[in-house]
Structures are given as structure tokens and as C-alpha cells.
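# Close look at the chain arrangement
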Amino acid sequence: MFVILAWYPATHGVSELLDDENIAQTWYVFWILPIIFILLNFFIIPWNPNILHTGRIMQGYIVISVSLLVLLLIFYALLYFIAKSLNRNNKLAQENQFLNMQRAQYDALKGAIEETRQARHDMRHHFAVLNALAEQKNWEELEKYLSSASQNIPDTELVLCKNHAVNAIIGHYYSKCKGNGIPLKLKIDIPENLTVSESDICLVIANLLENAFEASIKLDRNKRRISMYAHPHSDSIILVSVENAFNGDITEKNGIFGSSKRNGDGIGTQSVCRIAEKDGGYCRFSHENGIFKADVMLHSQN
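Structural notes, computed from the coordinates. Counting restarts for each chain, with residues numbered from 1 along the sequence as it is written. Per-residue local features are limited, in this predicted model, to residues with pLDDT of at least 70; the limit for side-chain atom pairs, both in listing and counting, is 80 or more; totals at the level of whole chains, interfaces and linings are taken over all residues. Note that the side-chain values use all heavy atoms of the structure and ignore hydrogens as well as water.

Here the focus is the pairing of strand β7 (residues 291-299). Strands pair, by our definition, only if DSSP identifies at least two bridges between them. Secondary structure counts use DSSP, requiring at least four H or I residues in a row for a helix and at least two E residues in a row for a strand, with both numbered from the N terminus. For strand β3 (residues 237-245) and β7, the ladder comprises nine bridges, and the chain directions are antiparallel. Paired with E243 across the bridge in β7 is K293. Bridge count between strand β6 (residues 282-288) and β7: seven bridges; the pairing is antiparallel. Bridge pairing in β7 places F285 opposite A294. Two successive antiparallel strands, β6 and β7, enclose a turn made up of two residues, where N289 displays a positive phi of approximately 55 degrees.

What follows is the structure, given as C-alpha cells:
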């Protein structure tokens with residue numbers, strides 16, 4: 001009866017804690033409790049069984065045995081609730097860390113977008129000055145101004161699609177890849193007006209390209225390559241796919257990939273999954289023959 005009663009909580013509630021990497025190691029030290037319980041039971045067993053039938057020794061023996069069992073169960077129950085609380089607090093801490101990293105990343109993305117917007121504004125100013133000098137036929141000043149302005153033109157401004165924010169994000173990683181000898185093949189068709197959240201698209205693209213860049217930088221230059229495709233599947237769905245070569249060293253557990261820069265799970269892949277799945281989209285990661293591929297479907301909030 002005791003085994004039947006203990007079966008459900010042991011296979012459901014407790015098993016979740018045992019599978020959690022943050023709590024699992026805590027449980028390994030408590031194997032000593034049942035050992036102590038068994039030793040105490042052996043210790044109180046009388047050498048002569050007939051002694052149990054003397055006076056009220058049998059009743060006392062039963063009370064002591066049951067009390068030890070109850071104390072053991074109470075201790076394990078307290079341990080379970082403590083571990084549950086620690087597990088919940090740890091998950092909340094991870095969520096806060098994740099949100100802080102996402103906020104910092106989003107701030108960086110907004111900075112890149114603002115920088116590109118400012119560059120486009122400055123470019124219009126440059127054209128106005130060039131047009132004025134050309135009308136005055138002041139060729140010497142025009143040549144000097146062209147030489148000076150060309151040094152300040154950012155090399156991250158790519159016109160890949162009609163969406164300026166996506167252009168800015170991809171342009172940032174295009175510059176990083178170009179500076180590190182990583183071929184980046186791009187086929188982007190993202191419209192200017194979207195039903196899908198623009199910030200979600202930018203965060204997904206940034207996370208995928210950041211992971212691809214980190215994986216590629218570890219390879220020899222002749223093996224580095226990244227390709228990215230992004231296009232609308234319908235008015236409410238955007239498809240994003242990124243492929244990159246990697247060194248074959250990947251840690252994966254239950255579909256969650258480990259981080260290559262620190263101990264623990266990868267923040268980038270988790271971020272992509274959460275963004276994709278929050279509005280009914282999906283994401284899929286696969287790796288084979290030294291190629292890592294990420295496929296993401298972003299769905300409209302409406």
C-alpha cells in the first residue's frame with residue numbers, strides 16, 4: 001500500500017526535479033537517508049525475538065519503527081518543497097537574466113537602426129551639398145568634399161529589401177563577416193510594412209546571425225560560410241532560414257542547445273524559440289555533416 005501511494009508523486013512531481021540539471025546534483029547526497037533508516041531498523045531488532053513478546057515491548061517496537069518511517073517521509077517532504085522552491089527561484093533568475101540580455105540586445109539593435117537612419121539623413125545632406133557645388137561648377141571644392149565624405153560613409157548600409165530595420169541588422173553582421181573573412185550569402189525579401197512584429201524579426205535575425213558568426217569564426221577560413229534566406233510566406237507569416245558551417249561540437253539535451261561561450265543553455269536559440277512560438281509560429285534546429293541549420297516561422301500577432 002505504501003509503494004502504491006508513493007508511486008504517483010515519485011514518478012511525477014519528484015521526477016521533474018531529478019531531471020532538472022540545477023537541482024539534480026542536490027539529490028545525490030540523500031541516498032544516505034534510507035541507509036540510515038535501514039541501519040536503525042536493524043539496530044533496534046532484538047537478538048532474541050521472544051523479547052518482543054515481553055510486556056509492551058512489541059507495541060514500543062512498532063511505534064518506534066513507524067515513527068522512524070514517518071520522520072523519514074516528513075524529511076523527504078520538506079526536502080521536496082525546499083527543492084521545488086529553489087527550482088522555481090532558479091528559473092525566475094534565469095528568466096530575469098534572459099530578459100536582461102534580450103533588453104540589452106534590443107537596445108543594441110535600436111542603436112544600429114538609429115545609426116543607419118542617421119547615416120541616410122547625412123547622405124541626403126551630402127547630396128544637397130554636392131548638388132550645390134556642381135551647380136556652381138566649383139570642381140576643386142567638389143572633389144575635396146567627395147574625398148572627405150566618402151570616408152564617413154558606413155559600409156554596413158545594404159539595400160537587401162524594403163525594410164530599413166532588417167537592412168540595418170543584416171548590414172551590421174555583413175560588416176562583421178566581411179571583416180573576418182566569412183562569406184555571407186543573402187536572399188532577403190522583407191516588405192516595409194509588416195503584420196509580424198518588426199522587433200521580433202530583427203531579434204530573430206540578429207540571434208541567428210550571431211550564432212552563425214560565433215560558430216564560423218572557430219573554423220579555418222576556407223571552411224567558413226553562412227547563408228540566409230528570409231521572405232514572406234503569406235501576409236501573416238515570415239520564414240527565416242540560416243545555414244552555417246560548424247566544427248561539429250554541439251551540446252544538445254531535450255532539443256535545447258548548450259552555449260559555446262559559457263556553461264549552460266544557449267540564450268540565442270532559446271530566444272528564437274520563445275519569439276517564434278509566442279504567436280503560434282515555430283522554429284526547428286538541425287545539424288548534419290558539419291552544417292547547422294535554423295528554420296523559423298514567425299506568425300502575425302493578429
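Okay, the packing of helix α7 (residues 164-179) against helix α8 (residues 198-216) next. The interhelical angle for the contact between α7 and α8, taken along N-to-C directions, is 10 degrees, at an axis separation of 9 Å. As far as their axial angle goes, α8 and α7 are roughly parallel. In contact with A165, V166, I169, I170, Y173, K176 and C177 of α7, α8 contributes E198, I201, C202, I205, A206, L209, E210 and F213. Throughout this entry, Asp, Glu, Lys and Arg are counted as charged residues, while Ala, Val, Leu, Ile, Met, Phe, Trp, Tyr, Cys and Pro are counted as nonpolar. The remaining residues, Gly among them, count as polar. Counted by class, the contact of α7 with α8 contains twelve nonpolar, no polar and three charged residues. Axes here mean lines fitted to C-alpha atoms, for a helix over just the part in contact, with angles spanning 0 to 180 degrees between N-to-C directions. Relative orientations are named as follows: roughly parallel for angles under 35 degrees, roughly antiparallel for angles over 145 degrees, roughly perpendicular for angles from 65 to 115 degrees, and oblique for any other angle. Here, residues are in contact when the closest pair of their heavy atoms is within 4.5 Å.

With that settled, consider a nonpolar patch on the surface. Patch membership requires over 30% relative accessible area and the absence of a salt bridge. Like charges are linked within 9 Å, and nonpolar side chains (Val, Leu, Ile, Met, Phe, Trp, Tyr) within 5 Å. Method for areas: the Shrake-Rupley scheme with a 1.4 Å probe, in which residue coverage is limited to the protein chains shown. Salt bridge, as used here, is a side-chain nitrogen of Lys or Arg placed within 4 Å of a carboxyl oxygen of Asp or Glu. On the surface, I62, V66, V70, L71, I74, L78, I82 and L86 cluster together to form a nonpolar patch covering roughly 720 Å² of accessible area. Along the polypeptide, I82 turns up in helix α5 (residues 57-136).

Attention now goes to the packing of aromatic side chains. When two rings of Phe, Tyr or Trp (its six-membered ring) have centres within 6.5 Å they constitute a pair, described as stacked for plane angles under 30 degrees, edge-to-face for angles over 60, and tilted for the intermediate range. Throughout the structure, instances matching the rule amount to two aromatic pairs. Taken together, the aromatic side chains of F246, F285 and F292 make up a single cluster linked through ring pairs. For a ring to carry a charge above it, either NZ of a lysine or CZ of an arginine must fall within 6 Å of the ring centroid while also lying within 35 degrees of the normal to the ring plane. Of note, K176 hangs over the ring of F213, and the distance from its end group to the ring centre comes to 4.4 Å.

One pass over the structure, following the stated rule, counts five salt bridges. K293 is the partner of E243 in a salt bridge, and the nearest nitrogen-oxygen pair spans 3.8 Å. With E243 in strand β3 and K293 in strand β7, this residue pair connects regions lying 50 residues apart in the sequence. For the exposure calls, accessible area comes from a 1.4 Å probe over protein chains only, and a residue counts as buried if that area is under 20% of its type's maximum, exposed if over 50%, partly exposed in between. When its relative accessible area of 27% is taken as the criterion, K293 is described as partly exposed. The partner of D295 in a salt bridge is R284, and the shortest N-O contact between them spans 3.4 Å. Placement of the pair is D295 in strand β7 and R284 in strand β6, with a sequence separation of eleven residues. Judged by its relative accessible area of 12%, D295 is buried. By relative accessible area, which is 48% here, R284 ends up partly exposed. Look at the salt bridges and you will find they share partners, linking E243, R284, K293 and D295 into a network.

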